[in-house]
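These are the residues of each chain, in order.
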Amino acid sequence: MKIVAATNNKHKLVELKTILSQLGIEVLSAADVGGIPDVVEDKDTFEGNACKKAMESAAHLGMPVLSDDSGLCVEALDGRPGVFSARYGGPGLDDQGRCKKLMTELKDCDNRRAYFACVIALADHNGQLIGSSMGKCLGHISDEMKGEEGFGYDPLFIPTDYKKSFAELGEEIKNSLSHRKNALEKAISDGLFNKLKSSSPT
Ligand code: IMP
């Protein structure tokens, strides 16, 4: 089965492709289908944004679409930056700037607990929602940025039972325990990919 990933984030795309290829699902990029529409992420939940992205992109393309909405939730910040993870600190910041801002906000804070959350949503070729599933990855926020791999907050996030950040652990370990991997596994066990297959024209 072929499915378009509604993301322009090349790191997310590689993670989705790698995890789903093990299941025989071919993930097409935005570039493979001539681009995806810009969907305004104006919902206040991961689920709301993921479903909106999947449905609008699928309706536009006339193809099945998988979307991912994800972010970092920090306990001491009451779950922030959460759905605003990509926009944390305002439009002038890049990934490194956002990590630095988070380190500053958590300076002198003993509670470093945090989790990554990801909601995967699937929509069929008519833009009808098939469903959505959430995955999490628990861990804590380091007081220094370490590692070169991955993206976003990876240099600061240390998953539970590890001593290194996602950016140090690298792709293979990250993909075996990440929020994205857990959301995809949940989507599979919820039967979303089977439902999508049966709603696709043969
Ligand atoms: P989205 O494109 O609205 O889903 O934004 C997700 C944002 O959350 C990204 O831009 C990152 O800042 C952060 N994020 C989500 N998943 C990850 C991850 O796997 N590693 C690091 N940061 C992530």
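Scroll up a little and you will see the structure.
Please read all numbers here as calculations on a predicted model, not as lab measurements.

Participant: Can you help me understand the site of the ligand in this one?
Facilitator: Near the ligand, the surroundings consist of 16 residues, among which Lys-12, Glu-41, Asp-154, Lys-174 and Arg-180 are the closest. Between the ligand and Glu-41, the relevant distance is 2.9 Å, taken from an oxygen atom to a side-chain nitrogen or oxygen of the residue. Notes on the ligand: free accessible area 490 Å², of which the protein chains cover 92%. Within the residue set of the shell around the ligand, elements represented by two or more residues are strand S3 (65-74) and helix H6 (179-189). Considering every element that reaches the shell around the ligand, the biggest residue donor is S3, with four residues.

Participant: Explain the packing of aromatic side chains to me, please; I cannot follow it from the model alone.
Facilitator: The geometry of two aromatic rings is summed up by the distance between their centres and the angle between their planes. Under the defined criterion, the tally for this structure stands at three aromatic pairs. Look at Phe-116 and Phe-166: their rings are 6.0 Å apart centre to centre, the planes differ by 10 degrees, and that puts the pair in the stacked class. Taken together, the residues span a long stretch of sequence, with Phe-116 in strand S4 (residues 113-123) and Phe-166 in helix H4 (residues 166-169) at a distance of 50 residues. Aromatic side chains Phe-157 and Phe-166 sit 5.3 Å apart centroid to centroid with 45 degrees between the ring planes, which places their arrangement in the tilted category. Connected via pairs of aromatic rings, a cluster forms that spans Phe-116, Phe-157 and Phe-166. Cation over ring: Lys-136 sits above Tyr-115, and NZ or CZ is 4.5 Å from the ring centre.

Definitions and limits used
- Residues numbered from 1 in each chain as written.
- Predicted model: local features only at pLDDT ≥ 70, side-chain atom pairs only at ≥ 80, totals over all residues.
- Heavy atoms only, no water.
- Near = heavy atom within 4 Å.
- Polar contact = N/O pair within 3.5 Å; in protein donor to acceptor, adjacent residues only side chain to side chain.
- Areas by Shrake-Rupley, 256 points an atom, 1.4 Å probe, with all protein chains shown as cover.
- Helix = DSSP H or I, 4+ residues; strand = E, 2+ residues; numbered from the N terminus.
- Phe/Tyr/Trp six-rings, centres within 6.5 Å; stacked < 30°, edge-to-face > 60°.
- Lys NZ or Arg CZ within 6 Å of the ring centre and 35° of its normal.

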